[in-house]
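Topology and contacts: notes
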Amino acid sequence: MKKVISLSVSLTILISITLHSQDTSKPTQDFRDYEHTTESVREFYRLNHLHQTLNFVLTQKKKYYPLNKMRMTIWDAMKALDIIVDESDPDVDNAQTVHAFQTAERLRKDGHPRWLILTGLIHDLGKMLIIFGEPQWAVVGDTFPVGCRYSSTIVFHDYFLENLDTNNPRLQTQYGMYKPNCGLDNVHMSWGHDEYLYQVVKRYLPDEALYIIRYHSFYAAHKENAYGYLMDDYDRSMMKWIKLFSAYDLYSKSPEPVNVSELMPYYQELVTEFFPEELNW
Ligand code: FE
Ligand code: FE
């Protein structure tokens, strides 16, 4: 039997952090600019596209689906995440907690429902995979279906030339191993924080929240409108939620500092409304 570790992180440490959001007054079209990005973002995607094969995804699902690595609260996970800087993201170089509160606060200011504000707060908690020793290319970055042809709309598409599945003709037709319009629930996505967090929270949140969490990094679909031939009516009905969420995820950086200790009572109540004290990770 695998050992279940209980991670206890003091909430007071988290409360004592005063977050200063990035002062980005850059125009929206300058986000996700991969043409003029850094060498490290390129290297991230080279590794990601090289290693994310069908076989790799199936191995990760076997490893993480049992959710038997840890028992942890949402706040433990948030704190653990704060040491992580996302190497795939050309727009953010500060800690994940800043991004979590900024996304949630922007949703809250625009009067969105409580479940959507909560989704903003937790949507990247799956990046926890890094503390289990996973490399960044197996945790962050855009996601895409494996087991069928890689769409040319995926960022740094050329790096798929090195992917083992590219040499497997069975997996490189339009549908590959899937049936037309089989629904994304039947499609294996490249492994990362989206699918992992979906597994952790799927018993507790409304369908729309779960869909956002599971596919928010699938930019080829929600930004480029690719892979419609794998989607079913359910996917088509849900895509509007991801498109809405994506704007908050990307453009929520504000010049005003975010004071966590002031916000904490609201967010503690919100987390308690939907989640038990500890969850299986
Ligand atoms: Fe994310
Ligand atoms: Fe995010």
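Conventions we followed
- Residues numbered from 1 in each chain as written.
- Chains lettered and ligands numbered in written order.
- Predicted model: local features only at pLDDT ≥ 70, side-chain atom pairs only at ≥ 80, totals over all residues.
- Helix = DSSP H or I, 4+ residues; strand = E, 2+ residues; numbered from the N terminus.
- Buried ≥ 20, exposed ≤ 12 C-beta atoms within 10 Å, placed from the backbone.
- Axes fitted to C-alpha atoms, helices over the stretch in contact; angles between N-to-C directions.
- Parallel < 35°, antiparallel > 145°, perpendicular 65-115°, else oblique.
- Left-handed = near helix turned anticlockwise from the far one by under 90°.
- Contact = placed C-beta atoms within 7 Å.
- Nonpolar A, V, L, I, M, F, W, Y, C, P; charged D, E, K, R; others polar.
- Core = buried A, V, L, I, M, F, W, Y, C linked by C-beta atoms within 7 Å.
- Arc of directions from axis to C-beta.
- pLDDT = per-residue confidence, 0-100.

Comments concerning the overall build of the protein chain
Within the protein chain, the secondary structure is distributed over 11 helices and 5 strands. Relative to its full complement of 281 residues, the protein chain shows a buried share of 38%.

Focus: the packing of helix 5 (residues 96-109) against helix 6 (residues 114-122)
Helix 6 packs onto helix 5 with a crossing angle of 165 degrees between their chain directions and a minimal axis gap of 7 Å. In terms of orientation, helix 5 lies roughly antiparallel with respect to helix 6. Every pair of crossing elements has a handedness; the one defined by helix 5 and helix 6 is right-handed. Where helix 5 approaches helix 6, its residues Ala100, Phe101, Thr103, Ala104, Leu107 and Arg108 are matched on the opposing element by Leu116, Ile117, Gly120 and Leu121.

Notes on the environment of threonine 97
You can see threonine 97 is positioned in helix 5. Given 21 C-beta atoms within a 10 Å radius, threonine 97 is considered buried. A C-alpha to C-alpha distance of 8.6 Å links threonine 97 and leucine 121, two positions 24 residues apart in sequence.

Digging into the packing of helix 6 against helix 8 (residues 207-215)
Interhelical geometry of helix 6 versus helix 8 gives an angle of 20 degrees and a closest axis separation of 9 Å. Judged by the angle between their axes, helix 6 and helix 8 are roughly parallel. Crossing geometry of helix 6 relative to helix 8 is assigned as right-handed. Every residue of helix 8 that contacts helix 6 at Trp115, Leu116 and Thr119 is listed here: Ala209, Ile212 and Ile213. Its residues placed into classes, the contact of helix 6 with helix 8 shows 5 nonpolar, 1 polar and no charged.

Overview of the nonpolar core
Most often, soluble globular proteins keep nonpolar side chains buried together rather than apart. One finds Ala77, Leu81, Leu121, Leu125, Met128, Phe218 and Ala220 to be the most contacted residues of the largest nonpolar core, which totals 62 residues. With residues near it in sequence (within four places) discarded, leucine 121 still touches Ala100, Phe101, Ala104 and Tyr267.

A closer look at helix 8
Restricting attention to buried positions, one finds in helix 8 the residues Ala209, Tyr211, Ile212, Ile213, Arg214 and Tyr215. Close packing links the buried residues of helix 8 with helix 6, helix 7 (193-201), helix 9 (219-222) and helix 10 (233-251).

Focus on helix 3 (residues 54-64)
For helix 3, the full list of buried residues reads Leu54, Val57, Gln60 and Tyr64. In an axial view of helix 3, the angular spread of the buried residues amounts to 130 degrees, which keeps them on one side of the axis. Residues of helix 3 that are exposed and point over 90 degrees away from its buried face: Thr59 and Lys62. Tucked inside the fold, the buried residues of helix 3 contact helix 7.

Points about unusual backbone geometry
Phi at leucine 67 is positive, roughly 50 degrees, even though this residue is not glycine. With a phi close to 60 degrees, asparagine 225 is a non-glycine residue in the positive phi region. Considering the arrangement of structural elements, one finds asparagine 225 in the loop between helix 9 and helix 10. The class of asparagine 225 is exposed, set by 10 C-beta atoms lying within 10 Å.

Points about the environment of arginine 46
For arginine 46, the position within the fold is in helix 2 (residues 39-51). For arginine 46 and leucine 161, which are 115 residues apart along the polypeptide, the C-alpha to C-alpha distance reads 9.9 Å.

A few points about the confidence of the model for the protein chain
Here the protein chain averages 88 in pLDDT, and 88% of its residues register 70 or above. In this model, residues 1-24 is a region of pLDDT below 50 whose contacts with residues beyond four sequence positions or in other chains number 47 contacts.

Observations concerning the environment of histidine 51
Structurally, histidine 51 is set in helix 2. A residue is classified by how many C-beta atoms lie within 10 Å of it, and histidine 51, with 17 of them, is partly exposed. It is 8.0 Å that separates the C-alpha atoms of histidine 51 and leucine 164, two residues lying 113 residues apart in sequence. Here histidine 51 is in contact with Phe56 and Trp137, once residues within four sequence places are set aside.

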